[in-house]
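Remarks on the overall topology
For reference, the chains in residue letters:
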Amino acid sequence: MEILSLIISFLNFSILVFMLLKGDKKQNYSDNKQVALIENSKINIENLKTSNINAEDLMSAARLSGYFNIGDIDTAILEKNGEISFLPKAMRRRLYPKDFNFAPLREGICRIIISQGRINYENLALSGIDETELKKLLEQRGNALDDIFLATANEAGRVDFFTE
């Protein structure tokens, strides 16, 4: 039993040493500070090297943040936690209703009102639509209830149908 305990302790120690030597490549930069990887739309190659981040890692992080073209990015910061934050160029930033001095209506919760041809009456009632109105909507689309794989409705009255 003591030998087994000794072997397990040695394995734990070996794994710990391996992890410390290998290290997290995004945490290898100096003083655990934020590091600018892209500034003013220019890639800082030295900071990429210092941070052990290659071009593929940078592109992957950009895609995961919704930027599929590195040329759309003004600034990229490697944060203390190892994540990369992106700030798009001004002409590539997302537009919001306030940019147009527009206030959209609240949509509220989207509920499943039909699933695999079956009506969910509880969600139908919560959505503010009655069965008669639902059947009228189905008729307008030229669909039978059995044709509908999924139908959703939100609190603003929007109904979406998805057929098989």
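Residues numbered from 1 in each chain as written. Predicted model: local features only at pLDDT ≥ 70, side-chain atom pairs only at ≥ 80, totals over all residues. Heavy atoms only, no water.

With respect to the nonpolar core
Judged by nonpolar contacts, the single largest core of 14 residues is most densely connected at Leu 37, Ile 53, Leu 58, Ile 73, Ala 76, Ile 84 and Phe 86. Listing elements by their share of this core, those giving two or more residues are β1 (35–39), α3 (55–64), β3 (73–78) and β4 (84–88). Setting aside residues no more than four positions away along its own chain, Phe 86 makes contact with Leu 58, Ala 61, Ala 62, Ser 65, Tyr 67, Ile 73, Thr 75 and Ala 76. Grouped together as the second largest cluster of nonpolar side chains are 12 residues, Ile 114, Ile 119, Ile 129 and Leu 138 included. (Core = buried A, V, L, I, M, F, W, Y, C linked by side-chain atoms within 4.5 Å. Buried < 20%, exposed > 50% of the residue type's maximum accessible area, 1.4 Å probe, protein only. Helix = DSSP H or I, 4+ residues; strand = E, 2+ residues; numbered from the N terminus. Contact = heavy atoms within 4.5 Å.)

Topic: the sheet that holds strand β6 (residues 118–119)
On the basis of which strands lie adjacent, the open sheet formed by four strands has the order β6-β5-β7-β8 and antiparallel pairing. The strands lining the two open edges of the sheet, one partner per strand, are β6 and β8 (159–163). In this structure, strand β5 (residues 110–115) lies alongside strand β7 (residues 148–154), joined through five bridges in antiparallel fashion. Paired with Cys 110 across the bridge in β7 is Asn 154. In this fold helix α5 (residues 131–141) packs onto β5, β6, β7 and β8, with an angle of close to 55° to the strand it touches most, β8. (Pairing = 2+ DSSP bridges. Axes fitted to C-alpha atoms, helices over the stretch in contact; angles between N-to-C directions.)

A closer look at the pairing of β1
Of all five residues in β1, four are buried, a share of seventy percent or more. Pairing between β1 and β3: three bridges, direction antiparallel. From the neighbouring strand, Ile 38 faces β3, where its bridge partner is Ala 76. Pairing between β1 and strand β2 (residues 42–43): two bridges, direction antiparallel. Residue pairing in the sheet places Glu 39 in a bridge with Lys 42 of β2. Where β1 hands over to β2, the hairpin turn is made up of two residues, of which Asn 40 adopts a positive phi near 50°.

Examining a nonpolar patch on the surface
On the surface, a nonpolar cluster with roughly 380 Å² of combined accessible area is contributed by Leu 95, Phe 100 and Phe 102. Relative to the helices and strands, Phe 100 is located in the loop between β4 and β5. Residue classification places Phe 100 among the exposed residues on the basis of a relative accessible area of 57%. (Patch = residues over 30% accessible without salt bridge, like charges linked within 9 Å, V, L, I, M, F, W, Y side chains within 5 Å. Areas by Shrake-Rupley, 256 points an atom, 1.4 Å probe, with all protein chains shown as cover. Salt bridge = Lys/Arg side-chain N within 4 Å of Asp/Glu carboxyl O.)

What to know about the sheet that holds β3
Within a beta sheet, neighbouring strands are joined by backbone hydrogen bonds and run either parallel or antiparallel to one another. An order of β2-β1-β3-β4 is seen for the four strands of this open sheet, with the pairing classed as antiparallel. Lying at the two open borders of the sheet, with one neighbouring strand each, are β2 and β4. Packing against the sheet, α3 makes contact with β1, β3 and β4, and its axis sits at approximately 65° to β4.

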